[in-house]
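Here is what each chain is made of, one letter per residue.
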Amino acid sequence: MKILIINSGSSSIKYQLLEMPSAKIICLGTIERIASTEAISTYKTDTHKVEKTYEIATHKAGLERITSLLLDAEMGVINSTEDIDAIGHRVVHGGKDYVDTTLINEEVKKKIKSLFPLAPLHNPANLEGILMAEEIFESAKQIVVFDTAFHGTLPIKAKKYAVPNVLFNEKRIQAYGFHGTSHKYVSEKANEYLGNQNTKLISIHLGNGCSITAIKDGKSVDHSMGFAPSNGLVMGTRSGDIDHAIIFYMVKTLGYELDEVSELLNKESGMLGLTGYNDLRDIEEEAGKGNKDCIIALEMNAYRIKKYIGAYTASMNGLDAIIFTAGIGENSSLMRQLVCKDMEYFNFHLDDSKNELRSKNTREINTTNSKVKILVIPTNEELEIAKQVYALLN
Ligand code: AMP
C-alpha cells in the first residue's frame, strides 16, 4: 500500500511517500517558503536528489509541484495519481472530540476549521493541505492524525486549569498537548530499546517548536504545552511560560493591541526575541564568539528544560530515561550538555564523548554508572502517521 504523508505548515509542505507495511521510503522532500518567488523544493529518491528554487505562490501550487515530481518521467515514482492508496495528514489541533486517527469527511473538516482560533499558526495550513490533496488525489483515502491525540490520556489533575469549572465543562478550556505523534514515536522506541513497557520517561522534543512530556507505562501523563502550542519551553519564536499578568499590563498600561501581543509572543519571542536569531546553529556560533545575549538565551533554554525534568520526575515519582529528539535534541550536543549539567541529584550523568557522536539511530549517551539513561532518538512523525493510517485501513 502506498501512503503519502503530508505535513502542511504555514509556509511549507513536508511530504514522504512510504510503502506500507514494510515502511520503505519511496521518496521524500519539502517545499519551503511558499508564497515567495524563491520557494525551495527538495525531492529525494533512492536514485535522485534535486533541490530547486521556484516561484510558488500558494499551497495548491506547492502540492502540484510535488505531484509533478512524483509523476516525472525520469525521476518519478508513480505512473498516475491513482497509484496513491491513502494520504495521511498531520493536523495540529483535534480538540476534545478527536483523539483517534480518523477518515476525513465534511464533519471532520468543519471541526478542524472550528479549531482555527485554538491553533491559528497551524490548523488553517493543515486544512488547506487536506483540501488541495482531495482535489489532486481524488481516489486516495484521506486520513487525519492529530498532534493532540497522544495526550488524550492526560489525567484530569494535569489537564484542568485552576479556573472556574464552567470554562472546562462548557468552553473546552483545558490543556490539550501537542507534538503527540513525535512523543509517541520516540517513547515507543525508548521502551523497545529498554526492553520494558512499564517505564517512566521524559521525552524532550526540541525543534522550531519545543515541548516536553512525562510518559508513564507508555501513556502521556503530563505535558508542557497546554491549551495552544505556546506554553512551556523556550522555542524558536515562542516565549513558552510567561506570567499572564504581562499580557494585561502590555495592553492596559503600555497600550499594545491584543493582536500585537499575540504576534509578539508567538512570532517574535523565544530565542529570536532574546538573540535576534531563531536557528540554534547561529546562536551557538554567536555564543562561541562571546555574544552575551546568545549565551544567556542558551542558559535560559536549558534551565527551563531542567525545571520541567524536576517537576515530571516528581509527578511520576521516578525516572528511567530522558529522550532528546527533533532538530535541536538530535543535533545539538551543546544543548544536551547544558540540560544534563549539574543533575547528579537526579542520577543522570552524561558521557561527554558519546554526546558528540552522530548517528541516525537510537543512542545512549550516559556514562555506565548513570542510573537514569540519556537517550537520543531521531523522531519520525511521517512513519508514525503512516503506521496509524495503515492500521486504520487494515
Ligand atoms: P525541527 O523543527 O525538528 O525541524 O528543528 C529545526 C531546528 O533544529 C532549527 O531551527 C535549528 O535550530 C535546529 N538544528 C538543526 N540542526 C542543528 C544542529 N546541527 N545544531 C543545532 N541545532 C540544529
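Residues numbered from 1 in each chain as written. Predicted model: local features only at pLDDT ≥ 70, side-chain atom pairs only at ≥ 80, totals over all residues. Heavy atoms only, no water.

Asker: Let's hear about the overall build of the protein chain: which residues, and what values?
Answerer: Within the protein chain, the regular secondary structure consists of 15 helices and 14 strands. The principal-axis extents of the C-alpha atoms in the protein chain amount to approximately 60 × 55 × 45 Å. Burial statistics for the protein chain: of 394 residues in total, 49% are counted as buried. In the protein chain, 62% of the contacts between residues at least 6 apart in sequence involve partners at least 24 apart. For the protein chain, the computed accessible surface area is about 18800 Å², with 49% contributed by carbon and sulfur atoms. Seen as two clouds, the 44 positive and the 51 negative side-chain charges of the protein chain have centres 5 Å apart. (Helix = DSSP H or I, 4+ residues; strand = E, 2+ residues; numbered from the N terminus. Buried < 20%, exposed > 50% of the residue type's maximum accessible area, 1.4 Å probe, protein only. Contact = heavy atoms within 4.5 Å. Areas by Shrake-Rupley, 256 points an atom, 1.4 Å probe, with all protein chains shown as cover. Lys, Arg positive; Asp, Glu negative; His and termini not counted. Charge placed at Lys NZ, Arg CZ, Asp CG, Glu CD.)

Asker: Lay out the pairing of strand β1 (residues 2-8) with the relevant residues and their values.
Answerer: With six of seven residues buried, β1 is to be regarded as a mostly interior element. Bridge count for β1 against strand β2 (residues 13-19) is seven bridges, and the pairing is antiparallel. Note on β2: the bridge partner recorded for isoleucine 6 is tyrosine 15. Linking β1 to β2, which pair antiparallel, is a turn of four residues. Pairing of β1 with strand β6 (residues 86-91) involves four bridges; the strand directions are parallel. Each bridged residue has a counterpart across the sheet, and for isoleucine 6 the counterpart in β6 is histidine 89. (Pairing = 2+ DSSP bridges.)

Asker: Can you lay out the site of the ligand for me, pointing to particular residues and giving the numbers?
Answerer: As a matter of local geometry, the ligand sits amid Gly207, Asn208, Asp279, Leu280, Arg281, Ala326, Gly327, Ile328, Asn331, Ser332 and Arg358. Asparagine 208 places a polar main-chain atom, nitrogen or oxygen, 2.9 Å from an oxygen atom of the ligand. At 3.4 Å, a side-chain N or O of arginine 281 approaches a nitrogen atom of the ligand. Here the ligand has 510 Å² of accessible area as a free molecule, and 77% of this is covered by the chains. (Near = heavy atom within 4 Å. Polar contact = N/O pair within 3.5 Å; in protein donor to acceptor, adjacent residues only side chain to side chain.)

Asker: Go over the pattern of salt bridges with me, naming the residues and quoting the values.
Answerer: The final tally for this structure, using the stated rule, is 15 salt bridges. Lysine 184 is paired through a salt bridge with glutamate 384; the nearest N and O atoms lie 3.0 Å apart. Here glutamate 384 lies in helix α15 (residues 381-393) and lysine 184 lies in helix α6 (residues 180-194), a separation of 200 residues in the sequence. With a relative accessible area of 22%, lysine 184 lands in the partly exposed category. Overall, the relative accessible area of 2% leaves glutamate 384 in the buried class. The salt bridge partner of aspartate 279 is arginine 281, with a shortest N-O separation of 2.8 Å. Residue class for arginine 281 comes out exposed when judged on its relative accessible area of 63%. Bridged by salt links that share partners, the residues Lys184, Glu188, Glu384 and Lys387 form one connected network. (Salt bridge = Lys/Arg side-chain N within 4 Å of Asp/Glu carboxyl O.)

Asker: Describe the packing of helix α1 (residues 59-71) against helix α3 (residues 123-136), listing the residues and the values that go with them.
Answerer: Packing of α1 against α3 brings their axes to within 9 Å, and their N-to-C directions diverge by 50°. Classified by the interaxial angle, the pair formed by α1 and α3 is oblique. Crossing hand, α1 versus α3: right-handed. In this structure, α1 uses His59, Lys60, Leu63, Glu64 and Thr67 to contact α3, whose residues at the interface are Ala125, Glu128, Gly129, Met132, Ala133, Glu135 and Ile136. Class assignment of the residues belonging to the contact of α1 with α3 gives a composition of five nonpolar, three polar and four charged. (Axes fitted to C-alpha atoms, helices over the stretch in contact; angles between N-to-C directions. Parallel < 35°, antiparallel > 145°, perpendicular 65-115°, else oblique. Left-handed = near helix turned anticlockwise from the far one by under 90°. Nonpolar A, V, L, I, M, F, W, Y, C, P; charged D, E, K, R; others polar.)

Asker: An account of unusual backbone geometry is requested, with residue identities and associated values reported.
Answerer: Residue proline 21 follows methionine 20 across a cis peptide bond; omega there is 10°. By secondary structure assignment, the location of proline 21 is in the loop between β2 and β3 (24-32). Positive phi, normally seen in glycine, also occurs at alanine 326, with a value near 75°. You can see alanine 326 is positioned in helix α12 (residues 326-331). Since its relative accessible area comes to 6%, alanine 326 is described here as buried. In the Ramachandran plot, asparagine 347 falls in the positive-phi region, its phi being about 70° despite a non-glycine side chain. Looking at the secondary structure, you find asparagine 347 in the loop between α13 (333-340) and α14 (352-356).

Asker: With reference to specific residues and values, describe a nonpolar patch on the surface.
Answerer: A contiguous nonpolar surface patch, about 300 Å² in accessible area, is contributed by Tyr249, Leu254 and Tyr256. As for its position among the elements, leucine 254 is in the loop between α7 (245-252) and α8 (258-267). Judged by relative accessible area, leucine 254 falls into the partly exposed class, the value being 46%. (Patch = residues over 30% accessible without salt bridge, like charges linked within 9 Å, V, L, I, M, F, W, Y side chains within 5 Å.)

Asker: Could you give an account of the sheet that holds strand β7 (residues 102-103), naming the residues involved and the relevant values?
Answerer: Reading across from one edge, β5-β4-β3-β2-β1-β6-β8-β7 is the order of the eight strands in this open sheet, with mixed pairing throughout. For this open sheet the edge positions go to β5 (49-56) and β7, each flanked by a neighbour on one side alone. Sitting on the sheet, helix α2 (residues 106-114) touches β6, β7 and β8 (141-146), and the angle it makes with β8 is about 35°. Strands in contact with α15 are β1, β2, β6, β7 and β8; relative to β1, the strand with the most contacts, it is inclined by about 130°.

Asker: So, the sheet that holds strand β9 (residues 200-206): which residues are in play, and what are the values?
Answerer: The six strands lie next to each other as β11-β10-β9-β12-β14-β13, forming an open sheet whose pairing is mixed. Each of the sheet's edge strands pairs with one partner strand only, and the pair in question is β11 (219-223) and β13 (363-364). Bridge analysis of β9 against strand β10 (residues 210-216) gives seven bridges, and the strand direction is antiparallel. Paired with histidine 205 across the bridge in β10 is serine 211. Packing against the sheet, α6 makes contact with β9, β10, β11, β12 (321-325), β13 and β14 (373-376), and its axis sits at approximately 135° to β9. Set on the sheet, α13 makes contact with β9, β12, β13 and β14; between it and β12 the angle comes to about 155°.

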